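A structural walkthrough
Listed here are the chains, written in short residue letters.
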Amino acid sequence: MHQALLIPEVLLEIFAYVNIIPSTETTSTQKLFAALARTCKIFHEPAMDLLWTEIHGLEPLLGCVTRLHPLIYRRGTMWDNSDEPWAKGVEPLSAHEAHQFLRHSSRIRTLDIQSDHPHLLSVIPAEACVFPRLKSLSLSTTYLNLFLPHMLHRCHLLSIDKGLQSFVTRCIALEHLCIYTPISDDDGSTADELYHLSDRIHWCTRLVTLSCPMLNWSAWKHLSHLPTLLKLEIEQGYNDPSSLSNRDIVNLSFLNITSLSFLQVCDAADIIAVMQHSQFPSLKEFEFEANYLSSEEAEQLFHALSHCEACRTLEEIFINSLEIRFVGPQNHEFLTPIPHFLCFTQVRSLQLQFSDSCIYLDNNMLLKAMSSWPHIRTLDISHLDDHLSSSEVSLRGLFTALSLCPQLHRLRLPINIATIDVDPDAEPMQHTSLGSLEMETSESEIADAETLARIISAWLPCVDQVLSTDRRWDKFNKHLKSLRAATALYVAGTC
């Protein structure tokens, strides 16, 4: 053996390289570390540490129990059949088997438990903290009392119950918490779970990222006082009851939050109330994904976002409302988010996607937007319904606005091409950054596809096609492809 391999730092550096080698069908990273651990005594400990550092499920640990090994590993592979769980009817671990189960527990840093075998571990005392070096945990709260090291940094919980209190009080170093609550029957349990969550979240004082269901005003107030909190994600869910009371409304300031997301929003009233009474002076990313957002709610959201003290910091905005509701005659209202968002001078990406409403946009408004957003790289304004794609933006208006945003790479917006107002023989002002283009139009067919292709080819030299979910742009794209091929031949011939 080379003497360099006796130096722990050198050996760990080599093993770290092994850890990033992609697994194949015949050789996995786990098999490599297992082989290294069997090579010699010097390799054994560091290889075993890396072999057990990240574990998915309890089966690898339970497989160390002599009695359970043949049940878990059949024909050389791990048993995985949800229709016939291997642990059904199996007796709990004995005291001696518990020691076998915990043989490698001190090596584990990341643990992800999706299975449900709590009866097997009944011999282990509650709050035993059997994984002292654990840093990242994903599980249901069924197991919480067993997996609560004081230095746990990251945790993903699949449910909420009263055990959450012991969890947040013991894990004093917790920095990243994600709580997912699956859809439950409307029996009052969801309200109880959310009450426990809002109450227990007060014990978390070092959070850097938090992903959880909607909270009450008291919990929001607590979060506003956390200087460490940088990323907050709220997932509302279908059955979540209203958690905010108008009597408890307070004005909040989240000084350091840089990323704010509201997902699966079914009732936007609470979310809008939080936005209307909060300031986010460091906010860089904002995401709002609703199942349905009325025109009135949308305008309230636009206004609240523009007044949350993020005008100089916000770089990414994504607002999505994709559910179509047919209530009475089809009288779709225009939304006007662009005037609200002109204050965001640092915006890099703006994506607005609506199904039941049309965003108003004309040449003057687009020109103002592009002059206000000199750093923008992605602009996506889209509607799912073809009849909502009517637009006041013309080709000339588009090209004029593009001259003000040289970094724009991706563009999707409704455009009026019923009348082509650009001379195909005029000297173009080329935009050389735009590479992805999708233009929505109410026209069922592109009338003068060849002329339009000549214009796009000259003005947007990096666009090879107009992206589309249907075939209306096929003829145009065919002409554009021919023009690109002819240009390439010309360039090759002159070189």
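Everything below is about the structure shown above.
Quick word on the overall build of the chain
Check the secondary structure of the chain and you find 16 helices and 20 strands. Within the chain, the proportion of its 495 residues that are buried is 46%. Considering only residue pairs separated by 6 or more positions, the chain has 70% of its internal contacts joining residues 24 or more positions apart. Carbon and sulfur atoms provide 52% of the accessible area of the chain, an area that totals close to 24,900 Å².

Considerations on the environment of Leu137
If you trace the backbone, Leu137 turns up in strand β5 (residues 136-139). Through-space distance from the C-alpha of Leu137 to that of Arg109 is 8.4 Å; in sequence the pair is 28 residues apart.

A few points about unusual backbone geometry
You will see that Gln264, though not glycine, has its phi angle at about 50°, which is positive. Tracing the backbone through its elements, the reader meets Gln264 in strand β11 (residues 259-265). Residues other than glycine seldom take positive phi values, yet Glu309 does so here, at roughly 65°. Along the chain, the position of Glu309 falls in the loop between α11 (295-306) and β14 (316-321). A residue is classified by how much of its surface remains accessible, and Glu309, at 47% relative accessible area, is partly exposed.

Some words on the pattern of salt bridges
Enumeration according to the criterion identifies ten salt bridges in this entry. The salt bridge partner of Asp49 is Arg107, with a shortest N-O separation of 2.6 Å. Pair noted here: Asp49 is in helix α3 (residues 41-51) and Arg107 is in the loop between α6 (95-101) and β4 (110-112), with a separation of 58 residues, a long-range link. With a closest N to O distance of 2.8 Å, Glu97 and Arg67 form a salt bridge. Of the two residues, Glu97 is situated in helix α6 and Arg67 in the loop between α4 (59-62) and α5 (69-72); the sequence distance between them amounts to 30 residues. By relative accessible area, which is 11% here, Glu97 ends up buried.

Considerations on the packing of helix α13 (residues 363-372) against helix α14 (residues 395-402)
The N-to-C vectors of α13 and α14 enclose an angle of 10°; their axes lie 9 Å apart at closest approach. Comparing their axes, α14 and α13 come out roughly parallel. Facing α13, whose interface residues are Asn363, Leu366, Leu367 and Met370, α14 presents Gly397, Leu398, Thr400 and Ala401.

A short note on the packing of aromatic side chains
Tallying each qualifying case throughout the model produces 13 aromatic pairs. An aromatic cluster is defined as three or more aromatic residues linked by ring pairs; in this entry it consists of Trp220, Phe254, Phe262, Phe280, Phe286 and Phe288.

Details of the side chain of Gln353
Structurally, Gln353 can be placed in strand β16 (residues 349-354). Sequence-distant contacts of Gln353, defined by excluding residues within four places in its chain, comprise Phe318, Ile319, Asn320, Ser321, Leu322, Asp380, Ser382 and Arg412.

Some details on the nonpolar core
The nonpolar side chains of a soluble globular protein tend to be buried, and buried together. Counting 133 residues, the largest nonpolar core has Trp220, Phe286 and Phe288 as its most contacted members. Among all residues touching Trp220, those that are not within four sequence positions of it are Met214, Leu215, Leu232, Ile234, Leu244, Leu252, Phe254, Phe262 and Val274.

Description of the packing of helix α2 (residues 29-37) against α3
In the contact formed by α2 and α3, the axes pass within 8 Å of each other and the chain directions differ by 160°. If you check the angle between α2 and α3, you find them roughly antiparallel. For the element pair α2 and α3, the recorded crossing hand is left-handed. Residues Gln30, Phe33, Ala34, Leu36 and Ala37 of α2 form the contact with α3, whose own contacting residues are Phe43, His44, Ala47, Met48, Leu50 and Leu51. Split by residue class, the contact of α2 with α3 holds nine nonpolar, two polar and no charged.

Topic: a nonpolar patch on the surface
Residues Met1, Leu6 and Ile42 make up a contiguous nonpolar surface patch of roughly 280 Å² in combined accessible area. Within the element layout of this structure, Leu6 appears in the segment before α1 (8-19).

Quick look at α2
Think of an α-helix as 3.6 residues a turn; residues three or four steps apart then line up on the same face. For α2, the complete set of buried residues consists of Thr29, Phe33, Leu36 and Ala37. The buried residues of α2 occupy one face: seen down the axis, they fall within an arc of 100°. Check the buried side of α2 and you find it contacts α1 and α3.

Some details on the pairing of β11
The buried fraction of β11 amounts to six of the seven residues, a majority that puts the element mostly inside the structure. Note: β11 against strand β13 (residues 285-290), five bridges, orientation parallel. The residue bridging Leu260 from the neighbouring strand is Phe286, located in β13.

The rules we used
Residues numbered from 1 in each chain as written. Predicted model: local features only at pLDDT ≥ 70, side-chain atom pairs only at ≥ 80, totals over all residues. Heavy atoms only, no water. Helix = DSSP H or I, 4+ residues; strand = E, 2+ residues; numbered from the N terminus. Buried < 20%, exposed > 50% of the residue type's maximum accessible area, 1.4 Å probe, protein only. Contact = heavy atoms within 4.5 Å. Areas by Shrake-Rupley, 256 points an atom, 1.4 Å probe, with all protein chains shown as cover. Salt bridge = Lys/Arg side-chain N within 4 Å of Asp/Glu carboxyl O. Axes fitted to C-alpha atoms, helices over the stretch in contact; angles between N-to-C directions. Parallel < 35°, antiparallel > 145°, perpendicular 65-115°, else oblique. Phe/Tyr/Trp six-rings, centres within 6.5 Å; stacked < 30°, edge-to-face > 60°. Core = buried A, V, L, I, M, F, W, Y, C linked by side-chain atoms within 4.5 Å. Left-handed = near helix turned anticlockwise from the far one by under 90°. Nonpolar A, V, L, I, M, F, W, Y, C, P; charged D, E, K, R; others polar. Patch = residues over 30% accessible without salt bridge, like charges linked within 9 Å, V, L, I, M, F, W, Y side chains within 5 Å. Arc of directions from axis to C-beta. Pairing = 2+ DSSP bridges.

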